[in-house]
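Given next are the chains, with one letter for each unit.
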Amino acid sequence: MKDVLILGIESSCDETAAAVVKNGREVLSNVISSQIDIHTLYGGVVPEIASRKHIERINQVVSGALKEAGVNSSGLDAVAVTYGPGLIGPLLTGVSFAKAYAYALSLPLIGVNHIEGHICAVYIENKELEPAFLCLVVSGGHTHLVRVRDYGEYELIGRTMDDAAGEAFDKIARVIGLGYPGGPKIDMAARDGNPEAVSFPRGHGLSEYDFSFSGLKSAVLNYLNTCEMKGEKIVAADVAASFQKAVVDVLVVNAAKALDNFGDKRFAIAGGVASNSLFRSEVEKECLGRGVDFFVPSPVLCTDNGAMIASAGYYKFIKGEFSSLSLNGVADLELCPG
Ligand code: KG4
Ligand code: ZN
């Protein structure tokens, strides 16, 4: 079969990213322009600023991806783009660019769900991985426990009832003065802290596999306020380590329950929080103990990138699932509608 080269474009939050991927799993280029430095000034992503920066950067990021891949636009087979979920302004930048690019070059257009992109990131470095498997997607906007039945076929078995795990990392990092983005900062600070120093609650959602992080977030805020009122010293590393352990415990308990009840022999984690060192090692332990194969992308493929979108686009391409030029951004796009 002829090789299929897909250009993947991602702009759902604060990374302007483009990549060229061959046959869904071979990354020829992966260019990511992060806006972290700008949003750090505000302690979080400012949607209007993010949209403007995407507009300024998308041309160079796409040309950079083609150049790095050593292909020109005539060598591409399709353009895949994230169309949701995410911030609507940033999504529209990528979608508008991809539509114009595909139209100008007479290439098929493929709209990709961002969460599906995170799941497909796991295929890239694990050439042997095929569905079915369980995947826990944990990012700044989502905490989804998903059964991947086949390529493009998903069953949502659990999700957060309130905050996403990454969102909780970002908020707590901000209040303990570690800055943005919180996940990597807490991960680092926690290495010097005691995870048993403060006892924070482990919240679960309504159903067996759901998650909840808002109670934990409030408990950390209460703890900090109480310390302040009593004039007690706050040890940021201990708070970071205790908070991180609480988040990871909740994620791992649900993952372990799903492994026991569904009996899958393959388990993957994906999304920005999957770069967390404690989360990676704790899930790996659970998998090893059950004789389950564990898969996790390298950190650069856990956080937002264009390669995961190109990979997801490939599996739609081979099924002939193309989008029309009326494709629009959908801020609250579901992985499994209805
Ligand atoms: O997947 P992603 O790049 O964007 C979304 O789709 O949301 O995930 C970003 C999230 C942020 O909340 C960030 O704090 C978190 O992933 N994150 C981490 C780590 N690296 C990134 N959380 C915990 N530990 C990390 N090492
Ligand atoms: Zn993401």
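### Considerations on the environment of Gln 244
Part 1: Mapped onto the fold, Gln 244 is located in helix 8 (residues 236-262).
Part 2: Expressed as a C-alpha distance, the spacing of Gln 244 and Phe 279, which sit 35 residues apart in the sequence, is 8.7 Å.
Part 3: For Gln 244, the residues in contact, after removing those within four places along its chain, are Phe 169, Ile 186, Asp 187, Ala 190, Asn 276 and Leu 278.
Part 4: In terms of polar contacts, Gln 244 uses its side chain to reach the side chain of Asn 276, at 2.9 Å.

### Brief notes about the pattern of salt bridges
Charged atoms that come close allow side chains of opposite charge to pair.
Part 1: For the coordinates displayed, the defined rule picks out 17 salt bridges.
Part 2: Between Asp 260 and Arg 290 there is a salt bridge; the shortest N-O distance is 2.7 Å. Separated by 30 residues along the polypeptide, Asp 260 in helix 8 and Arg 290 in helix 9 (residues 277-290) bring together distant segments of the chain.
Part 3: Of the residues examined, Asp 260 reaches a relative accessible area of 48% and is grouped as partly exposed.
Part 4: Because the salt bridges share partners, they merge into one network encompassing Asp 163, Glu 167, Lys 171 and Lys 217.

### Quick notes on the sheet that holds strand 1 (residues 5-10)
Part 1: Taken in spatial order, the 5 strands of this open sheet run 3-2-1-4-5, and their pairing is mixed. Looking at which strands have only one partner, the edges of the open sheet turn out to be strand 3 (26-34) and strand 5 (109-113). On average, each strand axis in the sheet is inclined to that of its neighbour by 20°, with strand direction left out of account.
Part 2: On top of the sheet, helix 4 (residues 114-124) reaches strand 1, strand 3, strand 4 (78-84) and strand 5; it is set at about 95° to strand 5, its chief contact.

### Focus on the pairing of strand 1
Part 1: Of all 6 residues in strand 1, 6 are buried; the element is thus mostly enclosed.
Part 2: Judged by which residues are buried, strand 1 turns out to be covered on both faces: Leu 5, Leu 7 and Ile 9 on one side and Ile 6, Gly 8 and Glu 10 on the other are all buried.
Part 3: Counted between consecutive antiparallel strands, the loop separating strand 1 from strand 2 (residues 15-22) contains 4 residues.
Part 4: Note that strand 1 and strand 4 share 4 bridges and pair parallel. Residue pairing for strand 4: Leu 7 is matched across the bridge by Val 79.

### A word on the domain arrangement of the protein chain
Part 1: What the domain assignment lists for the protein chain is domain 1 (5-120 + 301-317) and domain 2 (131-296).
Part 2: Domain 1 and domain 2 are separated by 27 Å when their C-alpha centres are compared.
Part 3: With 18 residues of domain 1 at the interface, the matching set in domain 2 holds 21 residues.
Part 4: The junction of domain 1 with domain 2 conceals about 1400 Å² of combined surface from both sides, 72% of it contributed by carbon and sulfur atoms.

### A word on the layout of surface pockets
Part 1: Looking at the largest pocket, its volume works out to about 1100 Å³.
Part 2: If you go around the largest pocket, you meet 39 residues; those closest to its centre are Cys 13, Ser 139, Gly 140, Asp 170 and Tyr 180.
Part 3: At the level of secondary structure, the elements contributing two or more residues to the lining of the largest pocket comprise strand 3, helix 4, helix 5 (165-175) and helix 6 (182-190).
Part 4: Take the lining of the largest pocket: its biggest share by element is 6 residues, from helix 5.
Part 5: Built from parts of two domains, the lining of the largest pocket gets at least three residues from each of domain 1 (5-120 + 301-317) and domain 2 (131-296).

### Considering the nonpolar core
Part 1: Leu 136, Phe 200, Phe 213, Phe 243, Phe 267, Ile 269 and Phe 279 are the most contacted members of the largest nonpolar core, which has 47 residues in total.
Part 2: Of all the elements in the fold, those that place two or more residues in this core are strand 6 (133-138), helix 5, helix 6, helix 7 (214-230), helix 8, strand 9 (266-270) and helix 9.
Part 3: The element best represented in this core is helix 8, accounting for 13 residues.
Part 4: When neighbours within four sequence positions are excluded, Phe 213 is seen to be in contact with Thr 143, Thr 160, Asp 162, Asp 163, Ala 164, Ala 165, Ala 168, Val 247, Val 250 and Leu 251.
Part 5: Core analysis: the next-biggest nonpolar cluster, separate from the first, contains 36 residues, Ile 110, Ala 121, Ala 307 and Ile 309 among them.

### Considerations on the coordination of the zinc ion (ligand 2)
Part 1: Of the protein atoms, only His 114 (NE2), His 118 (NE2) and Asp 304 (OD) coordinate the zinc ion (ligand 2), at distances of 2.0 Å.
Part 2: Between the donor residues of the zinc ion (ligand 2), the gaps in sequence give the motif H-x3-H-x185-D. Of this pair, His 118 sits in helix 4 while Asp 304 sits in the loop between helix 10 (299-302) and helix 11 (306-317); the two residues are 186 residues apart in sequence, bridging distant segments of the chain.
Part 3: Classification of His 118 by relative accessible area gives buried; the value is 0%.
Part 4: Take Asp 304: its relative accessible area is 12%, and that puts it in the buried class.

### Side note on helix 8
Part 1: Taking 1.5 Å of rise per residue, 27 residues should cover 39 Å, and helix 8 covers 39 Å from first to last C-alpha, within 8% of that figure.
Part 2: Burial within helix 8 is extensive, with 19 of its 27 residues counted as buried.
Part 3: One or two positions beyond helix 8, positive phi appears at Gly 263, with a value near 75°.

### Quick notes on the site of ligand 1
Part 1: In the neighbourhood of ligand 1, 20 residues make up the surrounding shell, with Gly 140, Asp 170, Gly 183, Asp 187 and Asp 304 lying closest.
Part 2: Gly 141 has a polar backbone atom sitting 3.2 Å from an oxygen atom of ligand 1.
Part 3: Between Asp 187 and ligand 1, the recorded distance is 2.9 Å, taken from a side-chain N or O atom to a nitrogen atom.
Part 4: Here ligand 1, which alone exposes 550 Å², has 90% of that area covered by the protein.
Part 5: Under a 2 Å grid-point criterion requiring more than half of the atoms, the pocket assigned to ligand 1 is the largest pocket.
Part 6: At 4 residues, helix 6 tops the list of elements feeding residues into the shell around ligand 1.
Part 7: Among the residues forming the shell around ligand 1, the class breakdown is 4 nonpolar, 13 polar and 3 charged.
Part 8: Inspection of the shell around ligand 1 shows a minimum of three residues originating in each of domain 1 (5-120 + 301-317) and domain 2 (131-296).

What counts, and where the lines are drawn
Residues numbered from 1 in each chain as written. Chains lettered and ligands numbered in written order. Predicted model: local features only at pLDDT ≥ 70, side-chain atom pairs only at ≥ 80, totals over all residues. Heavy atoms only, no water. Helix = DSSP H or I, 4+ residues; strand = E, 2+ residues; numbered from the N terminus. Contact = heavy atoms within 4.5 Å. Polar contact = N/O pair within 3.5 Å; in protein donor to acceptor, adjacent residues only side chain to side chain. Salt bridge = Lys/Arg side-chain N within 4 Å of Asp/Glu carboxyl O. Buried < 20%, exposed > 50% of the residue type's maximum accessible area, 1.4 Å probe, protein only. Pairing = 2+ DSSP bridges. Axes fitted to C-alpha atoms, helices over the stretch in contact; angles between N-to-C directions. Domains from an automatic or database assignment. Buried area = accessible area lost by both parts, 1.4 Å probe. 1 Å grid on protein atoms, 1.4 Å probe; cavity = no way out; pocket = protein on both sides within 12 Å on 5 of 7 lines; lining within 4 Å. Points joined across faces, edges and corners; volume = space filled by probe spheres on them. Core = buried A, V, L, I, M, F, W, Y, C linked by side-chain atoms within 4.5 Å. Donors = N, O, S within 2.8 Å, 3.2 Å for Na, K, Ca; no water. Expected span 1.5 Å × (residues − 1). Near = heavy atom within 4 Å. Areas by Shrake-Rupley, 256 points an atom, 1.4 Å probe, with all protein chains shown as cover. Sits in = over half its atoms within 2 Å of the grid points. Nonpolar A, V, L, I, M, F, W, Y, C, P; charged D, E, K, R; others polar.

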